[in-house]
Amino acid sequence: MIKPLNKVIIVTGASRGIGREMALLLAENNAEVVVNFASSEKEAKETVDLIKSKNGNAIAVKADVSKKDEVAMLFDETIHQFGRVDVLVNNAGVMDMKELSESSEDDFDKVYNIHAKGVYHTMKEAYSKLSDGGNIINVSSSTVKMMLPGYSLYSSSKAAVEQMTRVFSKEVGRNISVNAIAPGPVDTELFTKGKSEEFIDKLKSMSAFNRIGEPSDIANVILFLASDESKWISGQILPVNGAIV
Ligand code: NAP
């Protein structure tokens, strides 16, 4: 059983999708949650309202994770409002499927700036501003292992996230744990947009459960990794994917 969290938790990209589900579950378990977003203000406020409607505590803070100054402001605003930051969940992400030969340098910069640089900026802030004994959880992707055509930029930027996770876990100190999860396909806008039913069915058939994941499948694992009960796990990449790979 997970004990009440009593922690202040930043969830990046929590306006919708998996991040929203994480924010709701963490708040239900007594965390004070910072719902970060880059542009979807209305959705971020909806996430906060949903949390408050269940007597939880949350605020929305706009910050583009690819921008160093905005990430610093995200941490400072959290500390200003809640007094500390105990857990950082690096969930913000984007997907634009293109084969490498069809992609542009701008495509490369966009996905690497949000995934690799976003995790770099937030972990650098966490280095000095996260509470002793805190937890950092980065969100990678099972596509790192899957070699699917169209995923070269997306999955390679997530591979960078995985390696930063491993190395930073041994650098950060102060009893802070650093892990990543690698979800398989999850039913959100990021995954379904632009994909044929045939392709989605193919991915379903590759899992042991003949389905794709739900945001709650991922949020449940984040709840454990944000808790003190997971403390002895650090430097690890945890697949959360119904055995798809
Ligand atoms: P989603 O529904 O599209 O949500 C993405 C979230 O990221 C939104 O809240 C978005 O907010 C935010 N975001 C995007 N760029 C940002 C930036 N520069 N700064 C701050 N926030 C930003 O996607 P999702 O499916 O929930 O994905 C969440 C994470 O899981 C991503 O890291 C994704 O790569 C990973 N993942 C997803 C799947 C899947 O199948 N869905 C599988 C494996 C891994 P704004 O709209 O405000 O920008």
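Okay, so let's go over this structure. (Residues numbered from 1 in each chain as written. Predicted model: local features only at pLDDT ≥ 70, side-chain atom pairs only at ≥ 80, totals over all residues. Heavy atoms only, no water.)

Side note on the packing of aromatic side chains
Keep this limit in mind: Here a Phe, Tyr or Trp ring, Trp counted by its six-membered ring, pairs with any other such ring whose centre lies within 6.5 Å, and the pair is stacked when the planes are under 30 degrees apart, edge-to-face when over 60, and tilted otherwise. Only DSSP runs of H or I with at least four residues qualify as helices, and only runs of E with at least two residues qualify as strands; both kinds are numbered from the N terminus onward. Working definition: with a 1.4 Å probe on protein chains only, accessible area under 20% of the residue-type maximum means buried, over 50% means exposed, and in between means partly exposed.
The final tally for this structure, using the stated rule, is three aromatic pairs. On the numbers, 6.4 Å between centres and 50° between planes, the contact of Tyr127 with Phe168 is tilted. With Tyr127 in helix 4 (residues 105-129) and Phe168 in helix 5 (residues 152-169), this pair connects stretches of sequence that are 41 residues apart. What makes Phe168 buried here is its relative accessible area of 11%. Taken together, a centroid distance of 6.0 Å and an interplanar angle of 75° make the contact between Tyr151 and Tyr154 edge-to-face.

Some details on the site of the ligand
Formally: Neighbouring residues are identified by heavy atoms, a residue being near a molecule or strand if any of them is within 4 Å of it. Whenever a nitrogen or oxygen atom comes within 3.5 Å of another N or O atom, the pair is scored as a polar contact, on the condition that within protein one atom can donate a hydrogen and the other can accept it, and that pairs from neighbouring residues in sequence are kept only if both atoms are in side chains. In short, Shrake-Rupley with a 1.4 Å probe defines the accessible areas, and a residue's cover is counted only from the protein chains shown.
Around the ligand there are 31 residues in total, and Ser15, Arg16, Ser40, Tyr154 and Thr188 lie nearest to it. The contact in question runs from an oxygen atom of the ligand to an N or O atom on the backbone of Ile18, over 2.8 Å. At 2.5 Å from an oxygen atom of the ligand is found a side-chain nitrogen or oxygen belonging to Thr188. Notes on the ligand: free accessible area 890 Å², of which the protein chains cover 96%.

Brief notes about the packing of helix 4 against helix 5
This is how it is decided: Angular values range over 0 to 180 degrees, each being the angle between N-to-C directions of two axes fitted as lines to C-alpha atoms, with helices fitted over their stretch in contact. Should an angle lie under 35 degrees it is considered roughly parallel, over 145 roughly antiparallel, and from 65 to 115 roughly perpendicular; all remaining angles are considered oblique. Helix crossings are classified by the rotation of the near helix relative to the far one: an anticlockwise turn of less than a right angle makes the crossing left-handed, while a clockwise turn makes it right-handed. Pairs of residues are marked as contacts when any of their non-hydrogen atoms sit within 4.5 Å. Ten residue types, Ala, Val, Leu, Ile, Met, Phe, Trp, Tyr, Cys and Pro, are classed as nonpolar, four, Asp, Glu, Lys and Arg, as charged, and the remainder, Gly among them, as polar.
Look at helix 4 against helix 5: their axes get within 8 Å of each other, and the N-to-C directions meet at 15°. The orientation of helix 4 relative to helix 5 falls into the category roughly parallel. Here the hand of the crossing between helix 4 and helix 5 comes out right-handed. Along its contact with helix 4, which presents Asp107, Phe108, Val111, Tyr112, His115, Ala116, Val119, Tyr120, Met123 and Tyr127, the element helix 5 presents Leu153, Tyr154, Ser156, Ser157, Lys158, Ala160, Val161, Met164, Thr165 and Phe168. Along the lines of polarity and charge, the residues of the contact of helix 4 with helix 5 split into 14 nonpolar, four polar and two charged.

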